[in-house]
Amino acid sequence: MGNPQVLIVMGSDSDLSIMEEAAKVLDEFGVAWEMRVASAHRSPKKAAALAAGAAGRGVKAIIAGAGMAAHLAGVIAADTVLPVIAVPIPGGALNGVDALYAMVQMPGGIPVATMAIGKAGAKNAGLLAVQIIALGDPALTAELIAHKQAMADEVEAKDKALQERLRRS
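Please read all numbers here as calculations on a predicted model, not as lab measurements.

*Asks:* Is there a simple way to think about the overall build of the chain in this case?
*Replies:* Along the chain, the regular secondary structure elements total six helices and five strands. Reading the secondary structure of the chain in the N-to-C direction produces β-α-β-α-β-α-β-α-β-α-α. In terms of overall dimensions, the chain has C-alpha extents of about 65 × 40 × 30 Å along its principal axes. For the chain, the residues scored as buried account for 39% of the 169 residues in total. Put simply, of all contacts in the chain between residues at least 6 apart along the chain, 67% involve residues at least 24 apart. Both charge centroids of the chain, one from 15 positive and one from 16 negative side chains, sit 2 Å from each other.

Laid out in structure tokens, this is it:
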């Protein structure tokens, strides 16, 4: 799909099943992405270099997923002016709550948008990245509007089916 507009970084390849949800959303909207593994603790220089070089490569947003101590999004945010979206990965003794707290409790001056724990959070991270990119892309904005309408239509169809079933019972 050309040069990536979104960089997806995860602390470990074991996070792939979660972070793929963000990639699926980006694919749905035709937004090019790149996915990398870099650890805030085991490869901090690599994580910093990915963050520092992203804007120069045309990246417009970074999604960072990590579990447990979860400092990856903060390390990334410290080395870029791009928006950073954090995805807490479930696992460990606290099943992702520790990652959530680490991501949410960033010090003033280093913003990180934090999503829900797990696959829903990764999906929403993809959608937020699309919304950020859509600020400068009217066609992408129109796709987002159609996406939201499709979700509303789906709910309406389910409600109609439920009402029909209840009338028959």
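*Asks:* How should I be thinking about the UniProt feature "binding site: substrate" (unreviewed entry) in the chain in this particular structure?
*Replies:* The sites that carry the UniProt feature "binding site: substrate" (unreviewed entry) are, in the present numbering, S12, D15 and R42. Once residues within four sequence positions are removed from consideration, S12 is found in contact with V37 and R42. Not counting residues up to four positions away in its chain, the partners in contact with D15 are M10, G65, A66 and I89.

*Asks:* Is there a simple way to think about the packing of helix α1 (residues 16-28) against helix α5 (residues 119-134) in this case?
*Replies:* For the pair α1 and α5, the least separation of the axes is 7 Å and the interaxial angle reads 30°. The orientation of α1 with respect to α5, classified from their angle, is roughly parallel. Note that α1 runs across α5; the crossing there is right-handed. In contact with S17, I18, M19, E21, A22, V25 and L26 of α1, α5 contributes K119, A122, K123, G126, L127, A129 and V130. Of the residues that constitute the contact of α1 with α5, the class distribution is nine nonpolar, two polar and three charged.

*Asks:* What is the right way to read a nonpolar patch on the surface from this model?
*Replies:* A cluster of nonpolar side chains, contributed by L94, V97 and Y101, occupies part of the molecular surface with about 300 Å² of accessible area. Tracing the backbone shows Y101 in helix α4 (residues 97-104).

*Asks:* Would you take a moment to explain the sheet that holds strand β3 (residues 61-67) for this structure?
*Replies:* The strands making up a sheet associate through backbone hydrogen bonding, with each pair oriented either parallel or antiparallel. Sheet architecture is open: five strands sit in the order β2-β1-β3-β4-β5, paired in parallel fashion. The sheet is open, and its two edges are formed by β2 (33-37) and β5 (113-114), each paired on a single side. Here strand β4 (residues 84-89) runs beside β5; their pairing, made up of two bridges, is parallel. Each bridged residue has a counterpart across the sheet, and for I85 the counterpart in β5 is A113. Against the sheet, helix α2 (residues 44-54) touches β1 (6-10), β2 and β3, its axis set at about 160° to β2.

*Asks:* Explain α2 here, please?
*Replies:* Along α2, the residues classified as buried are A47, L50, A51 and A54. The buried residues of α2 occupy an angular sector of 95° when projected down its axis, which confines them to one face. Facing away from the buried side of α2, by more than 90 degrees, are the exposed residues K45 and A52. Check the buried side of α2 and you find it contacts β1, β2, β3 and α3 (72-78).

Rules and cut-offs
Residues numbered from 1 in each chain as written. Predicted model: local features only at pLDDT ≥ 70, side-chain atom pairs only at ≥ 80, totals over all residues. Heavy atoms only, no water. Helix = DSSP H or I, 4+ residues; strand = E, 2+ residues; numbered from the N terminus. Buried < 20%, exposed > 50% of the residue type's maximum accessible area, 1.4 Å probe, protein only. Contact = heavy atoms within 4.5 Å. Lys, Arg positive; Asp, Glu negative; His and termini not counted. Charge placed at Lys NZ, Arg CZ, Asp CG, Glu CD. UniProt positions renumbered as here; feature names shortened; annotations may be inferred. Axes fitted to C-alpha atoms, helices over the stretch in contact; angles between N-to-C directions. Parallel < 35°, antiparallel > 145°, perpendicular 65-115°, else oblique. Left-handed = near helix turned anticlockwise from the far one by under 90°. Nonpolar A, V, L, I, M, F, W, Y, C, P; charged D, E, K, R; others polar. Patch = residues over 30% accessible without salt bridge, like charges linked within 9 Å, V, L, I, M, F, W, Y side chains within 5 Å. Areas by Shrake-Rupley, 256 points an atom, 1.4 Å probe, with all protein chains shown as cover. Salt bridge = Lys/Arg side-chain N within 4 Å of Asp/Glu carboxyl O. Pairing = 2+ DSSP bridges. Arc of directions from axis to C-beta.

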